[in-house]
Amino acid sequence: MTSRRRVLSGLATVAFAGASGCSALPFGSDEQDGPDDVSLSPDMIGSIEWPPSPFPITVPAKVADSHEERARELLAAVPEDPDVPNSAVAASLQSDREHAADRLTEAFEEPWPREQLSEWRSRREAAATVRGAYRAAIGEDDAEAVANRRETLREVLHSFIAAHEYRASSPIEAVLAHAPLEDLIADCRRRVRPTPVYPSAPVSEPFQAGDAVGRVEHAQATLTDARRLREAYLSERTDPPSQWSRLIESSDRLRFAVHRTQSSVREFLDADERPFRADLSGTAGRWLYDDAKRRVESAVEDHDANRADGNYATAVVEAGQALAAIEAFRTVIDGLREGAYQEPVTAESVRQTAARAREALEAIETAEDRRLAALIARPVLGVFAYGADMIEDGYADPVRMQAELARAELYARAVPAATAFVLERLESGTGR
């Protein structure tokens with residue numbers, strides 16, 4: 001068995017030479033560190049091709065198609081020129097309907113089916129919100145229908161959770177197939193809560209009524225996706241066994257590893273000030289250190305919260321993310337001690353940092369399990385698209401841009417070893 005010490009020492013080989021900084025998203029703010037004469041363009045940072053979807057099977061097209069059909073059905077019940085007594089409400093309804101209708105025809109690019117379905121659920125909610133607001137504005141009271149629908153959804157959700165045995169052909173497939181289901185279940189739980197409250201006088205507060213209707217519609221769509229994804233996966237596997245106990249055991253071992261590894265940077269996490277002699281003001285290193293530190297804190301918190309909630313498949317993925325985040329932070333600390341990440345930022349240095357980040361992200365394809373590696377790398381996969389948008393919109397600070405690209409590189413370089421470590425804990429029956 002590969003020891004924790006050896007795996008994590010392998011993570012420490014991430015190079016820091018020449019890489020300047022990191023940022024907390026967004027890349028721009030009122031507090032600009034960048035030199036005024038550095039001009040950026042989207043082609044300077046380029047783009048990456050996302051790895052294939054880590055979900056173990058191809059998601060049937062009908063899953064997304066059903067959301068579009070339902071959204072169109074909901075909008076069809078609302079006139080294009082709503083005839084309601086209040087002219088201001090009528091104008092707002094007309095505008096909201098047009099926007100919801102436009103969204104249904106807008107092309108969008110999401111790299112994975114999971115994100116594609118999220119967008120369609122959002123579009124479906126928007127259509128339901130318009131319909132709910134329209135019905136309230138014309139005097140229809142849907143309070144009882146909304147309450148009954150919430151209660152029914154809670155009951156169906158409870159039954160779905162009770163029957164969720166985490167059946168999969170292997171422990172790794174249990175993570176890949178069931179982590180998305182856990183996310184959908186958690187989202188549905190939030191949306192069946194009685195907020196926002198359906199108003200007692202809906203004709204006076206039609207848009208609050210619409211929000212309540214839309215939220216319940218989104219909950220229904222979310223639960224439907226969870227059910228269909230589970231059915232689709234199981235239909236392509238022959239009587240897979242439950243992996244529930246195996247995930248709990250693996251998560252237990254990973255929890256110890258995460259917290260032991262976190263202890264190696266505890267003094268830095270607890271420090272109120274940056275513990276370096278150099279003045280980091282105006283450098284990418286300043287943003288790199290602060291953001292890498294925050295990422296460690298949030299990654300460990302998310303991991304612990306999902307374990308506490310019993311979301312063990314998600315917790316396994318987040319253990320890998322926490323380990324990669326901690327190693328990136330340790331590399332930042334080592335680099336700052338050696339004087340790295342403090343060089344002046346130029347257009348060329350941003351370009352070079354982006355090239356290294358792209359190379360590091362492309363290298364996750366060499367990980368022992370590319371699907372698990374893609375999930376662990378997910379926090380930095382969107383850096384290039386977001387950065388290009390910020391540059392195009394004129395909000396990108398060169399120093400913070402270079403910093404975030406550098407953090408993406410350091411994190412990505414830690415992903416293969418973190419993946420191997422998590423995979424070993426999944427496949428191993430004993431040991432910590």
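These numbers come from a predicted model, not from an experiment.

A.B. asks: Quick question: what am I supposed to make of the overall build of the protein here?
C.D. replies: Broken down by element type, the protein carries 16 helices and zero strands. Against the 2.2 N^0.38 benchmark of 22 Å for 432 residues, the protein shows a C-alpha radius of gyration of 24 Å, consistent with a compact globule. The dimensions of the protein, computed from C-alpha atoms along their principal axes, are 70 × 60 × 35 Å. For the protein, buried positions account for 53% of its 432 residues. For the protein, restricting intrachain contacts to residue pairs at least 6 apart in sequence, the fraction spanning at least 24 positions comes to 87%.

A.B. asks: Sorry if this is basic, but what is going on with the layout of surface pockets here?
C.D. replies: In this approach, a probe sized like a water molecule rolls over the atoms, and the result shows the empty space that is left. The computed volume of the largest pocket comes to approximately 430 Å³. Those elements giving two or more residues to the lining of the largest pocket turn out to be helix H5 (113–137), helix H7 (171–191), helix H11 (284–308), helix H12 (312–337) and helix H14 (370–381). Ranked by residue count, the leading element in the lining of the largest pocket is H7, at six residues. Looking at the lining of the largest pocket residue by residue, the class counts come to six nonpolar, four polar and 10 charged.

A.B. asks: When you look at the pattern of salt bridges in this model, what are you seeing that I'm missing?
C.D. replies: Working definition: two side chains of opposite charge can pair if their charged atoms are close together. Throughout the structure, instances matching the rule amount to 35 salt bridges. With a closest N to O distance of 2.9 Å, Arg-70 and Glu-217 form a salt bridge. A residue pair is termed long-range when its members are at least 10 positions apart, and Arg-70 in helix H3 (residues 61–76) and Glu-217 in helix H8 (residues 206–235) qualify at 147 residues. The class of Arg-70 is partly exposed, set by a relative accessible area of 22%. You can call Glu-217 buried: its relative accessible area is 1%. When the shortest N-O distance is used, the salt bridge between Asp-270 and Arg-266 registers 3.3 Å. Here Asp-270 pairs with Arg-266, and both are found in helix H10 (residues 266–270), just four residues apart, close to one helical turn. One connected set of salt bridges, linked through shared partners, spans Arg-70, Glu-73, Arg-124, Arg-149 and Glu-217.

A.B. asks: Looking at this structure, how should I read H3?
C.D. replies: The α-helix winds at 3.6 residues per turn, so residues separated by three or four positions along the chain end up facing the same way. The terminal C-alpha atoms of H3, which comprises 16 residues, lie 23 Å apart, in line with the 22 Å expected from a rise of 1.5 Å per residue. Buried residues belonging to H3 abut helix H4 (87–105), H5 and H8.

A.B. asks: Where do I start with unusual backbone geometry in this structure?
C.D. replies: Glycine aside, negative phi is the norm for most residues, and most peptide bonds take the trans geometry. The step from Thr-195 to Pro-196 runs through a cis peptide bond, and the omega angle for that step is -5 degrees. Structurally, Pro-196 is set in the loop between H7 and H8. Here Tyr-166, not a glycine, exhibits a phi torsion of approximately 55 degrees, which is positive. With respect to the element layout, Tyr-166 can be found in the loop between helix H6 (143–162) and H7. If you check the backbone angles, Asp-239 has positive phi at about 45 degrees while not being a glycine. With respect to the helices and strands, Asp-239 occurs in the loop between H8 and helix H9 (244–263).

A.B. asks: Sorry if this is basic, but what is going on with the environment of Val-265 here?
C.D. replies: For Val-265, the position within the fold is in the loop between H9 and H10. A sequence separation of 85 residues divides Val-265 from Val-350, and the C-alpha atoms of the two residues are 28 Å apart. In this structure, Val-265 is in contact with Ile-326, Phe-329, Arg-330 and Ile-333, ignoring residues within four places of it in sequence.

A.B. asks: Could you clarify how one ought to interpret the packing of helix H13 (residues 347–362) against helix H16 (residues 398–427) in this entry?
C.D. replies: How two helices pack is summed up by the angle between their axes together with the distance between the axes. For the pair H13 and H16, interaxial distance at closest approach is 8 Å and the crossing angle is 25 degrees. The pairing of H13 with H16 is recorded here as roughly parallel in orientation. Two packed elements cross with a definite hand, and for H13 against H16 that hand is left-handed. Facing Ser-349, Val-350, Thr-353, Ala-354, Arg-356, Ala-357, Glu-359, Ala-360 and Leu-361 of H13, the residues of H16 in contact are Pro-398, Met-401, Gln-402, Leu-405, Ala-406, Glu-409, Ala-412 and Arg-413. In terms of residue class, the contact of H13 with H16 is made up of 10 nonpolar, three polar and four charged.

A.B. asks: Can you help me understand the packing of aromatic side chains in this one?
C.D. replies: Enumeration over the complete set of coordinates arrives at seven aromatic pairs. With centroids separated by 5.3 Å and ring planes inclined at 70 degrees, the aromatic side chains of Trp-244 and Tyr-312 adopt a geometry described as edge-to-face. A residue pair is termed long-range when its members are at least 10 positions apart, and Trp-244 in helix H9 and Tyr-312 in helix H12 qualify at 68 residues. Accessibility expressed as a relative area gives 32% for Trp-244, which makes it partly exposed. By the ring-pair criterion, three or more aromatic residues cluster together here, those being Phe-268, Phe-276, Tyr-289 and Phe-329. Its end group placed over the ring of Trp-120, Arg-123 keeps NZ or CZ at 4.9 Å from the ring centre. Its guanidinium or amino end placed over the ring of Trp-287, Arg-286 lies 4.2 Å from that ring's centre, counting from NZ or CZ.

A.B. asks: Is there a simple way to explain the confidence of the model for the protein in this structure?
C.D. replies: Interpreting fine coordinate detail is not advised for predicted regions of low pLDDT. Considering every residue of the protein, the mean pLDDT works out to 91; 91% of them sit at 70 or more. Of all helices and strands in the protein, the one with the weakest mean pLDDT is helix H1 (residues 4–11) (43), whereas H8 scores best (98). Contacts for the low-pLDDT stretch residues 1–30, under 50 throughout, to residues beyond four places or in other chains number 103 contacts.

A.B. asks: Can you walk me through the side chain of Asp-142 in this structure?
C.D. replies: Take Asp-142: it is sitting in the loop between H5 and H6. The class of Asp-142 is buried, set by a relative accessible area of 12%. Within the local environment of Asp-142, its side chain forms a polar contact with the side chain of Arg-135, the two groups lying 2.8 Å apart. Excluding residues that lie within four positions of it along the chain, Asp-142 makes contacts with Arg-135 and Tyr-198.

Cut-off values and rules
- Each chain has its residues counted from 1, running along the sequence as written.
- Side-chain atom pairs in this predicted model are given and counted only at pLDDT of 80 or more, local residue features only at pLDDT of at least 70, and totals for whole chains, interfaces and linings cover all residues.
- To obtain the side-chain values, all non-hydrogen atoms of the structure were included, while hydrogens and water were left out.
- Here a strand is any run of E in DSSP of at least two residues, a helix any run of H or I of at least four, and the numbering for each starts at the N terminus.
- Two things to know: the radius of gyration comes from C-alpha atoms, and the globule rule equals 2.2 Å times the number of residues to the power 0.38.
- Burial classes: relative accessible area under 20% of the type maximum marks a residue as buried, over 50% as exposed, and values in between as partly exposed (1.4 Å probe, protein chains only).
- Any pair of residues with heavy atoms lying within 4.5 Å of one another is described as a contacting pair.
- Buriedness of a pocket was judged along seven lines, with at least five required to meet protein on both sides within 12 Å; pockets are open sets of points on a 1 Å grid over the protein atoms alone, cavities are sets where a 1.4 Å probe fits but cannot get out, and lining residues have an atom within 4 Å of a point.
- Grid points are joined across faces, edges and corners, and a volume is the space filled by probe spheres set on the points.
- When residues are sorted by character, Ala, Val, Leu, Ile, Met, Phe, Trp, Tyr, Cys and Pro go into the nonpolar class, Asp, Glu, Lys and Arg into the charged class, and all the rest, Gly among them, into the polar class.
- A pairing counts as a salt bridge when a side-chain nitrogen of Lys or Arg comes within 4 Å of a carboxyl oxygen of Asp or Glu.
- Here a helix's expected span is defined as the number of its residues, less one, multiplied by 1.5 Å.
- The convention used is that axes are lines fitted to C-alpha atoms, helices contributing only their stretch in contact, and that angles between N-to-C directions extend from 0 to 180 degrees.
- Angles are sorted into four bins: roughly parallel if under 35 degrees, roughly antiparallel if over 145, roughly perpendicular if 65 to 115, and oblique for all others.
- Handedness of each helix crossing follows the sense of rotation of the near helix against the far helix: counterclockwise by less than a right angle gives left-handed, clockwise gives right-handed.
- For Phe, Tyr and Trp, where Trp contributes only its six-membered ring, two rings pair if their centres lie within 6.5 Å, and the inter-plane angle classes them as stacked under 30 degrees, edge-to-face over 60, or tilted in between.
- Comment: the charge-over-ring label is applied if NZ (Lys) or CZ (Arg) is within 6 Å of the ring centre and within 35 degrees of the ring normal.
- Confidence of the predictor at the level of single residues is given by pLDDT, which spans 0 to 100.
- Polar contact is the term for a pair of N or O atoms within 3.5 Å; when the atoms are in protein, one must be able to donate a hydrogen and the other to accept it, and sequence-neighboring residues count only if both atoms are side-chain atoms.

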